[in-house]
Amino acid sequence: MTTAFSPYDLGGLRLSNRIVMAPMTRSRAYGPGQTPTELMAIYYTQRASAGLIVTEGTQPSVVGQGYPDTPGIHSAEQIAAWRKVTDAVHAEGGTIFLQLMHTGRVGHPSLMGLAPVGPSEVTAKGQVYTHQGPQDFVTPHELTETEIAETVADFATAARNAIEAGFDGVELHGANGYLIHQFLAPNSNRRDDAWGGSPERRIRFAVETAKAVAEAIGGDRTGFRISPGNPYNDIDESDPADMEATYTALVDALAPLGLAYLHQMEAQGVRDLVVRLRKAWPGTFVLNPFTGTDPTGPEELTLVEDGTADLIAYGALFLANPDLPTRLAAGGPFNAPDRATSFGGDHLGYTDYPVLG
């Protein structure tokens, strides 16, 4: 019987198991120019027993940064620093993809000296954390046709940089209310041109970005993450018919690109849509299942056994348990994540979680 501990072929990459470390922002890129540090290399290497590591969201351009101390992949210094991370993970037998995350309207000028951008001039409700503390979101600059093309090109360049830095592939972050998701959602994308309006037009930015990245590094080295129905960062996809039409159209448009995988972060109450999208997707399907505020662990592994997903992604549980595959195989025990040390800080709550034995 296939289990989460069975090896898996991901586009020619042999994964030792089907357990994925989900991308998690940690805001510890303290090196010059938002470069990864030695501590970050230790953090990822500790978790190299994952079948696949997907890194924290990494900005493809200066304007793509939305949080303090998040890493980039748009400078020579960043490429060189990430190479130390990938070399260390590969030395432990791990496989690692870089998540490309352009935060779009979610950001603040104090972080990058630039106005955030988005599909429309629609201000997100809420606040963003900055070095000066929480600040209200600002109204983004609406991307022009030319700027959209430049942004797509930034993603492709960043993907090439990631391969140069030694990554096995990249994951496009089309979830959690960031730029690609902002184009998908009707409340943040109010355009009436070829990039907005109907579901078929709202998916265009996502599809063009995926095409550009697949052409740059190969579809088999390109993953794509979605989170239908996730209200994070003031996204409203509450119309079930529109949401299903949007994501069905997106999956149908991405399918011919031969991508490495589709990765769904499951929002509350959308399991039926998960099943439908999984059936529609012709390739590897990764599921980050909804568990509420209490990640459980072994129960999610049955989703591989019953065919709901090919790979299962864990977030907070992997944060707190560097040896998570070993603990899952043993049925626990599991370290509890310390939420107070999730973002920023030093090694505490980052590289000091104990392993079994």
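Here the structure is shown first, and the text comes after it.
Residues numbered from 1 in each chain as written. Predicted model: local features only at pLDDT ≥ 70, side-chain atom pairs only at ≥ 80, totals over all residues. Heavy atoms only, no water.

**A short note on the sheet that holds strand S14 (residues 311-314)**
Thinking step 1. The sheet built from eight strands closes into a barrel, its strands ordered S3-S4-S5-S10-S11-S12-S13-S14 with parallel pairing. Along the sheet, successive strands turn relative to each other by an average axial angle of 25°, direction set aside.
Thinking step 2. Sheet topology places strand S5 (residues 96-100) next to strand S10 (residues 169-174); four bridges connect them, and they run parallel. Bridge pairing links Phe-97 to Gly-169 in S10.
Thinking step 3. Along the sheet, helix H2 (residues 76-91) makes contact with strand S4 (52-58) and S5, crossing S5 at roughly 145°. (Pairing = 2+ DSSP bridges. Helix = DSSP H or I, 4+ residues; strand = E, 2+ residues; numbered from the N terminus. Axes fitted to C-alpha atoms, helices over the stretch in contact; angles between N-to-C directions. Contact = heavy atoms within 4.5 Å.)

**A word on unusual backbone geometry**
Thinking step 1. Along the chain, Gly-332 connects to Pro-333 via a cis peptide bond; the corresponding omega equals 5°.
Thinking step 2. Mapping Pro-333 onto the fold places it in the segment after helix H12 (324-330).
Thinking step 3. For Ser-27, which is not a glycine, the phi torsion comes out positive at approximately 55°.
Thinking step 4. Considering the arrangement of structural elements, one finds Ser-27 in the loop between strand S3 (19-21) and helix H1 (38-46).

**With respect to the packing of H1 against H2**
Thinking step 1. Where H1 contacts H2, the axes come no closer than 9 Å and their chain directions differ by 25°. If you check the angle between H1 and H2, you find them roughly parallel. Note on packing geometry: the crossing formed by H1 with H2 is right-handed. Here H1 contributes Met-40, Ala-41, Tyr-44 and Thr-45 to the contact with H2, which in turn contributes Trp-82, Lys-84, Val-85, Ala-88 and Val-89.
Thinking step 2. Residues of the contact of H1 with H2, tallied by class, amount to seven nonpolar, one polar and one charged. (Parallel < 35°, antiparallel > 145°, perpendicular 65-115°, else oblique. Left-handed = near helix turned anticlockwise from the far one by under 90°. Nonpolar A, V, L, I, M, F, W, Y, C, P; charged D, E, K, R; others polar.)

**Considering the packing of aromatic side chains**
Thinking step 1. For the coordinates displayed, the defined rule picks out eight aromatic pairs.
Thinking step 2. When the centroid spacing of 4.2 Å and the interplanar angle of 10° are considered together, the rings of Tyr-43 and Tyr-350 count as stacked. A residue pair is termed long-range when its members are at least 10 positions apart, and Tyr-43 in helix H1 and Tyr-350 in the segment after H12 qualify at 307 residues. The burial state of Tyr-43 is the same as that of Tyr-350; both residues are buried.
Thinking step 3. When the ring of Tyr-67 is compared with that of Tyr-178, the centres are 6.2 Å apart and the planes differ by 90°; the resulting orientation is edge-to-face. Remark: Tyr-178 occurs in the loop between S10 and helix H5 (179-184) and Tyr-67 occurs in the loop between S4 and H2; sequence separation between them is 111 residues.
Thinking step 4. Relative accessible area serves as the criterion here: at 14%, Tyr-67 is assigned to the buried category.
Thinking step 5. Judged by relative accessible area, which is 5%, Tyr-178 ranks as buried.
Thinking step 6. The structure contains a cluster of three or more aromatic residues connected by ring pairs, namely Tyr-43, Tyr-44, Trp-82, Phe-167 and Tyr-350. (Phe/Tyr/Trp six-rings, centres within 6.5 Å; stacked < 30°, edge-to-face > 60°. Buried < 20%, exposed > 50% of the residue type's maximum accessible area, 1.4 Å probe, protein only.)

**Topic: the pairing of S10**
Thinking step 1. Of all six residues making up S10, six are buried, and the element is well covered by its neighbours.
Thinking step 2. With five bridges joining them, S10 and strand S11 (residues 222-226) adopt parallel strand pairing. Its bridge partner lying in S11, Val-170 is registered against Thr-222.

**As for the side chain of Ser-6**
Thinking step 1. The topology assignment puts Ser-6 in the segment before strand S1 (8-10).
Thinking step 2. Here Thr-3 takes part through its backbone nitrogen, which lies 3.1 Å from a polar atom of the side chain of Ser-6.
Thinking step 3. Contact partners of Ser-6, with chain neighbours within four places excluded, come to Met-1, Ser-16, Asn-17 and Arg-18. (Polar contact = N/O pair within 3.5 Å; in protein donor to acceptor, adjacent residues only side chain to side chain.)

**Let's talk about the packing of helix H7 (residues 204-217) against helix H8 (residues 240-254)**
Thinking step 1. At a minimum axis separation of 10 Å, H7 and H8 run at an interaxial angle of 20°. One finds that H7 runs roughly parallel with respect to H8. In the packing of H7 onto H8, the handedness of the crossing is right-handed. Between H7, through Ala-206, Val-207 and Ala-210, and H8, the contact on the second element is made entirely by Leu-250, Ala-253 and Leu-254.
Thinking step 2. Considered class by class, the residues forming the contact of H7 with H8 number six nonpolar, no polar and no charged.

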